[in-house]
Amino acid sequence: MKRNLNTFARIVAAETVKLRSTFAFWLTLFYPIGTVLLVTLFWVSMRNNKSLSTDMFINNLGNVASFFLPFFIVLMISVACNTEHKSAMLKHILALPVPRPVFYLGKFAGIMVFITLALILTLVFAYGSLLLCGLLYTKLGLGATFNHGLLLRIIIRAYIAASAIYTIQYWLGMRLRNLTLPVAIGSALIILPIAILIILGIAGLINENQSFTKIITYNPYSYPYSAAFNMMKSTEITIFSVNTYIFISLSLAALLLGAWDFTRRRVY
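These lines cover the structure that appears in this document, whether it is placed above or below. Small disclaimer: the values here were computed from a predicted structure and weren't measured.

So, how was this worked out
- Residues numbered from 1 in each chain as written.
- Predicted model: local features only at pLDDT ≥ 70, side-chain atom pairs only at ≥ 80, totals over all residues.
- Heavy atoms only, no water.
- Helix = DSSP H or I, 4+ residues; strand = E, 2+ residues; numbered from the N terminus.
- Buried < 20%, exposed > 50% of the residue type's maximum accessible area, 1.4 Å probe, protein only.
- Contact = heavy atoms within 4.5 Å.
- Areas by Shrake-Rupley, 256 points an atom, 1.4 Å probe, with all protein chains shown as cover.
- Lys, Arg positive; Asp, Glu negative; His and termini not counted.
- Charge placed at Lys NZ, Arg CZ, Asp CG, Glu CD.
- Salt bridge = Lys/Arg side-chain N within 4 Å of Asp/Glu carboxyl O.
- Phe/Tyr/Trp six-rings, centres within 6.5 Å; stacked < 30°, edge-to-face > 60°.
- Expected span 1.5 Å × (residues − 1).
- Arc of directions from axis to C-beta.

Right, let's talk about the overall build of the protein chain for a bit. Secondary structure summary: the protein chain contains ten helices and zero strands in total. Scanning the protein chain from its N terminus toward the C terminus, one meets helices and strands in the order α-α-α-α-α-α-α-α-α-α. Counting only residues that meet the buried cut, the protein chain has 44% of its 268 residues in that class. The contacts in the protein chain between residues at least 6 apart in sequence include a share of 80% that link residues at least 24 apart. In the form shown here, the protein chain has an accessible surface area of approximately 13900 Å², with 70% of it arising from carbon and sulfur atoms. Computed over 21 positive and 6 negative side-chain charges, the separation of the two mean positions in the protein chain equals 11 Å.

The residue Ser163 is located in helix H7 (residues 163-175) in this model. Counting along the chain gives 58 residues from Ser163 to Tyr221, while the straight-line C-alpha distance between them is 9.4 Å.

For the rest of this paragraph, the subject is the pattern of salt bridges. Pairing of side chains with opposite charge becomes possible as their charged atoms draw close. Per the stated rule, a full pass over the model turns up five salt bridges. In this structure, Glu84 and Lys18 form a salt bridge, with 2.4 Å as the shortest nitrogen-oxygen distance. Placement of the pair is Glu84 in the loop between helix H3 (54-82) and helix H4 (89-95) and Lys18 in helix H1 (residues 2-19), with a sequence separation of 66 residues. On the basis of relative accessibility, which here comes to 30%, the residue Lys18 falls in the partly exposed class. When salt bridges with common partners are traced through the structure, they connect Glu15, Lys18, Glu84 and Lys107 into a single cluster.

Once that is clear, we can look at the packing of aromatic side chains. The full count for this structure, using the stated rule, is 14 aromatic pairs. An aromatic cluster is defined as three or more aromatic residues linked by ring pairs; in this entry it consists of Phe103, Tyr104, Phe108, Tyr170 and Phe262.

Okay, helix H10 (residues 242-263) next. With 22 residues, H10 ought to run about 32 Å at 1.5 Å a step, and its terminal C-alpha atoms sit 32 Å apart, in line with that. All buried positions along H10 are accounted for by Thr244, Phe247, Ser251, Ala254, Leu255, Gly258, Ala259, Asp261 and Phe262. Take H10 and look down its axis: the buried residues cluster within an arc of 160°, on one side only. Exposed residues on H10 whose side chains face more than 90 degrees from its buried face are Val242, Tyr245, Leu252 and Leu256. In this structure, the buried side of H10 is in contact with H4, helix H5 (100-136), helix H6 (148-161) and H7.

Structure follows, in structure tokens:
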């Protein structure tokens, strides 16, 4: 057991070092920077609004971050997994005297380090943006009534809501050799619910926002940004809902099935 834990730790460390020199590292920077920059531009454009509240900034950040989060995860994990399919690297790895489940879980944990880093950077850049805006326009700064708890909960909720995407996309990335295919599948699963619901809305089959939001929560790839379609904003953020527990369970099942599938893998 101790030996497997040591091996797991070394795999995680090796994965973080390996990904630092790939596009996955830059994605970890681009996603939080792009998200905060987009929200900041909108925040500055509201500087003449008389009823301005930092809760608006937080809600906008939560909406933008949660909408682009699935795309970031799909690209991040697909790029990280594709490194193993280059130059017959997977053949070399499977030939090593390392338990396959340990390698599978260790690589996944290494990828999750970068995704967690993206979460932290989003919060850091958000505070940095508000501090900078406060220097330019006093009313756009943090202020004494800034809801730090709301900011933390709204970002964490999006990342936890995406739990099923992590393991499903990881499984796809490790199974499919071509980088384009897992990215295409993941992107289609993200966009397809919106496209279907737009068509249903045009056809007049769905005309209530509540129905729209409810339907979009059934897809694990669109669930993280489903809250962005809720017109009734609230400072009461529920991190763990029934759907969240369901998708966490699905995530664990996909991770275990992926590890089992990896142990049976034959690479020629």
